[in-house]
Amino acid sequence: MHAKTLIFLLGMHRSGTSALARMMNLLGAELGDRLLQSQAGINDKGFWESEELVGIDEALLERLGSRWYDFRPWPDAWWQDAELAPLRERARHFVEQQFAGRPLAALKDPRLCRLLPFWRDALEASGWRLAVVLTLRAPDEVVASLGKRDPFPADSGYLLWLSHALEAERHSRGLPRAVVGYAELLADWREVAARIGRSLELEWSCWDGQVEAAIDREIDDSLRHHRASADPPGSEVAALARRVYSLLHGPDPVEDRAPLEQSWQEYRCLLERAGLFAPLVEQGNRRLAAVTQRLQENGEQLTEARRVVAERDEQLRRLAGELEYAVARVRERDAQIHRLGQEHTHALETIQERDVQLRKLAGEYEYALGVIREKDAQLERLTAEYQHAVGVVQERDAQLAALHQRLQRLREHPVYGIF
């Protein structure tokens, strides 16, 4: 495996390059940071394009006075313009900053189909081995899918397909490259991945069962909303697009390039014949693209509004659940309050009963106190009488003792014996 390989994923808008980029990314190819966000109904699973890469390509188109929907030819060797030097430096810095130290990287942007010469020139001395995977989808399907997103006239869509397919093939000559069919990718991505590995002489570093399951989820055939019609439009430009598709859709490299060169000349002749009207078509495409951009912005705003509404609905559901829980708690508290109220009523009745008993006992207590006071008074009176009687008794005892003493003295008197 080579030291480091940078793969350009080339393909017209709506050709399946996003699915291919995601497959290669899961197999080990770095795509860079700050990728474009997915858009519902356009690329539901993501664009897998670097914002910086798209910014550089848009700056290039602006410098060329063009847009992605402009199929008119540009000046010969336009990529060698000295005024593009700042953009070349920006491109080199972007690749180095995004993929330094990475052995395998990939750049995906449909604008690269026409802008590849600039990138080859800018990265020629960068040390990267450049390679290409050219993704092809039937032009009828591309025009139908593109018309759903951007309401361009059908022939304008076929001319865009031709400009992207023919210039991608022409500008990628001399580089290791593989040609991938969108239908083949959806039918058997494993065979496509193996063929890319063989054609570009690289090994996928992350191919295992888990990665296969992830890619199976990403490569979704239900996202293919448009298929080639059995009775396609019969315009000259549509017929040429189908012939070019048949020439390119096969093993690469194409050994006999004469048919491709003839198709290239037919394409340039078509542009020359339509030269007077091409600016008008481009202006019409510009206006349609502007309308589409506004519709996309409105759609994004609507999507955001729906997201906000869904978020609010979720908040309301959550609040409703919390409210229901709160109501249940309130009911529980009401039941507790009712139970406590009953207990309070019973307690009041008990208190009233106890108050009656207390009043009765208080009356009995007051009566008992009155009896006690009366008894105390009687006791005090009896005590006083007792103390008085004791005093009288003591007095009498003293008198009796005195009489005994006197009697004793009389008995001891000599005269007492005479008697």
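Before any of the text, the structure's been laid out above.
Residues numbered from 1 in each chain as written. Predicted model: local features only at pLDDT ≥ 70, side-chain atom pairs only at ≥ 80, totals over all residues. Heavy atoms only, no water.

Student: Honestly, the overall build of the chain in this entry has me stumped. Any pointers?
Tutor: Tallying secondary structure elements over the chain gives 12 helices and four strands in all. Per-residue burial for the chain yields a buried fraction of 37% across its 419 residues. A separation of at least 24 residues holds for 79% of the contacts in the chain among residues at least 6 apart in sequence. Summing over all exposed atoms, the chain offers an accessible surface of approximately 24,300 Å²; the carbon and sulfur share of this is 55%. (Helix = DSSP H or I, 4+ residues; strand = E, 2+ residues; numbered from the N terminus. Buried < 20%, exposed > 50% of the residue type's maximum accessible area, 1.4 Å probe, protein only. Contact = heavy atoms within 4.5 Å. Areas by Shrake-Rupley, 256 points an atom, 1.4 Å probe, with all protein chains shown as cover.)

Student: Please clarify how unusual backbone geometry should be interpreted in this entry.
Tutor: In terms of backbone geometry, most residues other than glycine have negative phi values and most peptide bonds are trans. Positive phi outside glycine occurs at R34, with the angle close to 50°. Here R34 is to be found in the loop between α1 (17–26) and α2 (51–63). Among the residues examined, R34 registers a relative accessible area of 57% and is labelled exposed. Unusually for a residue other than glycine, A77 sits at a positive phi of about 50°. With respect to the helices and strands, A77 occurs in the loop between α2 and α3 (85–99). The partly exposed category is assigned to A77, whose relative accessible area is 32%.

Student: Sorry, what's going on with the environment of E266 here?
Tutor: Relative to the assigned elements, E266 resides in helix α11 (residues 258–273). Residue E266 is classed as partly exposed on the basis of its relative accessible area, which comes to 26%. Residues in contact with E266, not counting those within four places in the same chain, are L240 and R243.

Student: I'm lost on the sheet that holds strand β2 (residues 104–108) in this one. Help?
Tutor: To summarise the sheet geometry, strands pair through backbone hydrogen bonds and adopt either a parallel or an antiparallel arrangement. Spatially, four strands are ordered β2-β1-β3-β4 in an open sheet, and the strand pairing comes out parallel. Each edge of the open sheet is held by one strand with a lone partner, namely β2 and β4 (177–181). Pairwise comparison of adjacent strand axes, ignoring direction, gives a mean angle of 20° for this sheet. Bridging between strand β1 (residues 5–10) and β2 involves five bridges; their strand directions are parallel. Looking at the pairing, F8 lines up with L107 of β2. (Pairing = 2+ DSSP bridges. Axes fitted to C-alpha atoms, helices over the stretch in contact; angles between N-to-C directions.)

Student: Explanation requested: the packing of helix α6 (residues 154–171) against helix α10 (residues 236–248) in the structure shown.
Tutor: For any two helices packed against each other, the geometry is given by the interaxial angle and the distance between the axes. Packing of α6 against α10 leaves a shortest axis separation of 9 Å and a crossing angle of 30°. It follows from the interaxial angle that α6 and α10 lie roughly parallel. The chirality of how α6 crosses α10 is left-handed. Of α10, the residues touching α6 (which contributes D155, Y158, L159, W161, L162, A165, L166 and E169) are V237, A238, L240, A241, R242, V244, Y245 and L248. (Parallel < 35°, antiparallel > 145°, perpendicular 65-115°, else oblique. Left-handed = near helix turned anticlockwise from the far one by under 90°.)

Student: What is the right way to read the packing of aromatic side chains from this model?
Tutor: Working definition: an aromatic ring pair is given by the centre-to-centre distance plus the angle between the planes. Scanning all chains against the criterion turns up nine aromatic pairs. Measuring from ring centre to ring centre gives 6.4 Å for F99 and W128, while their planes differ by 80°; the resulting arrangement is edge-to-face. With F99 in helix α3 and W128 in the loop between α4 (112–122) and β3 (129–136), this pair connects stretches of sequence that are 29 residues apart. Look at F99 and you get buried, because its relative accessible area is 0%. W128 sits in the buried class, given a relative accessible area of 7%. Ring geometry for F118 versus W119: centroids 5.7 Å apart, planes at 90°, classification edge-to-face. Look at F118 and you get buried, because its relative accessible area is 0%. (Phe/Tyr/Trp six-rings, centres within 6.5 Å; stacked < 30°, edge-to-face > 60°.)

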